[in-house]
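Residue-level structure breakdown
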Amino acid sequence: MVKTIGNPLTWLAQGASGTGRAMGSAAEALGSELTEIPETNILTTADIRAALRAGFADFSRFRSDVMFLVLIYPVIGLALSVMAFHEALLPMIFPLAAGFLLLGPVAAIGLYQMSRKAETQDNVHWGTALTVLQARNVGPVIAMAFYLLVIFAVWMLTALQIYGWTLGPEPPASASAFLTAVFTTTAGWTMIVIGMAVGFVFAALVLVISLISLPMLIDKHTGVPIAVATSLQVARENPVTVGLWGALVAALMVIGTIPFFLGLIVVLPVLGHATWYLYRAAVPADT
């Protein structure tokens with residue numbers, strides 16, 4: 001058990017060793033051996049169930065909830081604390097929570113690597129997640145993560161603009177005044193409807209471009225265009241299954257935010273590992 005979980009400082013140091021060298025050759029890693037979209041499989045609800053079972057098994061095996069508790073939850077708590085004590089930022093709390101749908105694929109990069117390595121290795125641990133920064137394809141992985149972070153930033157700015165059009169532009173006087181305005185005024189309900197509609201568009205965009213692309217970039221030596229094109233192809237060929245997966249992810253993420261985002265410590269790693277297995281069902285290892 002000690003060997004599997006280890007000390008956070010130890011696996012952090014081990015995983016980070018050699019990262020500088022890998023980052024130095026990132027430009028070279030932008031090259032691609034896979035230059036065509038690979039053949040993909042048709043996905044079914046059985047694949048979703050199998051991916052979730054395998055994802056939960058990896059979650060239980062690697063205790064990746066502890067990894068998220070150590071690395072991610074303090075950041076979440078800090079962001080929410082800042083917003084809670086600054087009335088001007090209160091309108092951004094819900095967009096931030098919804099934004100976890102957009103940042104989920106970025107947060108799960110290390111989980112994809114752990115599940116990938118577990119296919120051929122027994123000594124997989126938390127430090128394995130950081131070895132993704134030493135991969136020859138680190139350049140495209142970082143580029144794709146950056147694109148998703150940009151989408152998240154655009155979403156937050158859009159949400160702020162929607163607030164300005166409806167309940168703004170003045171910041172709320174207090175949390176209670178803000179909640180009262182949101183749920184008891186026409187402007188508040190307008191903000192909710194427009195925000196959910198626009199948020200759906202952002203979430204759908206991230207779903208179709210990242211469902212396959214990030215796991216594929218970690219798995220194969222290819223570039224961002226081929227990986228994104230493959231993800232779009234899978235979404236086009238499996239609209240019902242991909243839509244169902246997206247709805248399931250959204251529902252679990254909402255559940256995970258209650259209470260105080262604690263559930264995300266379980267939901268994020270399970271979905272992260274499961275996404276790897278859904279990718280593997282869509283793009284077999286021998287392609």
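Residues numbered from 1 in each chain as written. Predicted model: local features only at pLDDT ≥ 70, side-chain atom pairs only at ≥ 80, totals over all residues. Heavy atoms only, no water.

1. With respect to the pattern of salt bridges
Considering all chains together, one arrives at four salt bridges under this definition. Taking the shortest distance from any N to any O, the salt bridge between D219 and K220 comes out at 3.7 Å. Of the two residues, D219 and K220, both sit in the buried class. D219 is the salt-bridge partner of R280, the closest N and O atoms lying 3.0 Å from each other. Taken together, the residues span a long stretch of sequence, with R280 in helix α17 (residues 264–282) and D219 in helix α14 (residues 213–219) at a distance of 61 residues. We note that R280, like D219, is buried. (Salt bridge = Lys/Arg side-chain N within 4 Å of Asp/Glu carboxyl O. Buried < 20%, exposed > 50% of the residue type's maximum accessible area, 1.4 Å probe, protein only. Helix = DSSP H or I, 4+ residues; strand = E, 2+ residues; numbered from the N terminus.)

2. Quick look at the packing of helix α11 (residues 138–166) against helix α13 (residues 186–210)
Contact geometry for α11 and α13: axes closest at 9 Å, N-to-C directions at 170°. Comparing the axis directions of α11 and α13 gives the class roughly antiparallel. Across the interface between the two elements, M144, L148, I151, V154, W155, T158, I162, Y163 and T166 from α11 touch A187, T190, M191, I194, G195, V198, G199, F202, L205, V206, I209 and S210 from α13. Of the residues contributing to the contact of α11 with α13, the split by class is 15 nonpolar, six polar and no charged. (Axes fitted to C-alpha atoms, helices over the stretch in contact; angles between N-to-C directions. Parallel < 35°, antiparallel > 145°, perpendicular 65-115°, else oblique. Contact = heavy atoms within 4.5 Å. Nonpolar A, V, L, I, M, F, W, Y, C, P; charged D, E, K, R; others polar.)

3. Things to note about α13
Given 3.6 residues to a turn, an α-helix orients residues that are three or four positions apart in the same direction. If you check α13, its first and last C-alpha atoms are 36 Å apart, about what 25 residues at 1.5 Å a residue would give, namely 36 Å. Looking at α13, one finds that the buried residues are G188, M191, I192, G195, G199, F202, V206, I209 and S210. Next to the buried residues of α13 lie α8 (93–107), α11, α12 (175–184), α14 and α15 (224–237). (Expected span 1.5 Å × (residues − 1).)

4. So, the environment of R236
Among the secondary structure elements, R236 is positioned in helix α15. For R236, a relative accessible area of 57% corresponds to the exposed category. Along the chain, R236 and V208 lie 28 residues apart, while their C-alpha atoms are 8.7 Å from each other.

5. Section: the confidence of the model for the chain
For the chain, per-residue confidence averages 80 on the pLDDT scale, and residues scoring 70 or more make up 76% of the total. Mean pLDDT values over the elements of the chain span from 39, in helix α3 (residues 19–24), up to 94, in α15. Every residue in residues 1–31 is under pLDDT 50, and counting partners more than four places away or in other chains gives 45 contacts. (pLDDT = per-residue confidence, 0-100.)

6. Some words on the environment of G188
Inspection of the secondary structure assignment puts G188 in helix α13. A sequence separation of 21 residues divides G188 from L167, and the C-alpha atoms of the two residues are 6.3 Å apart.

7. Digging into the nonpolar core
With 58 residues, the main nonpolar core has M144, I212, W245 and M253 as its most contacted residues. If one sorts the elements of this core by residue count, α11 sits on top with 10 residues. Ignoring any residue separated from it by four or fewer positions in sequence, one finds M144 in contact with I209, S210, S213, L214, L217, V224 and V228. With seven residues, the next largest nonpolar core counts L90, Y163, F178 and I192 among its residues. (Core = buried A, V, L, I, M, F, W, Y, C linked by side-chain atoms within 4.5 Å.)

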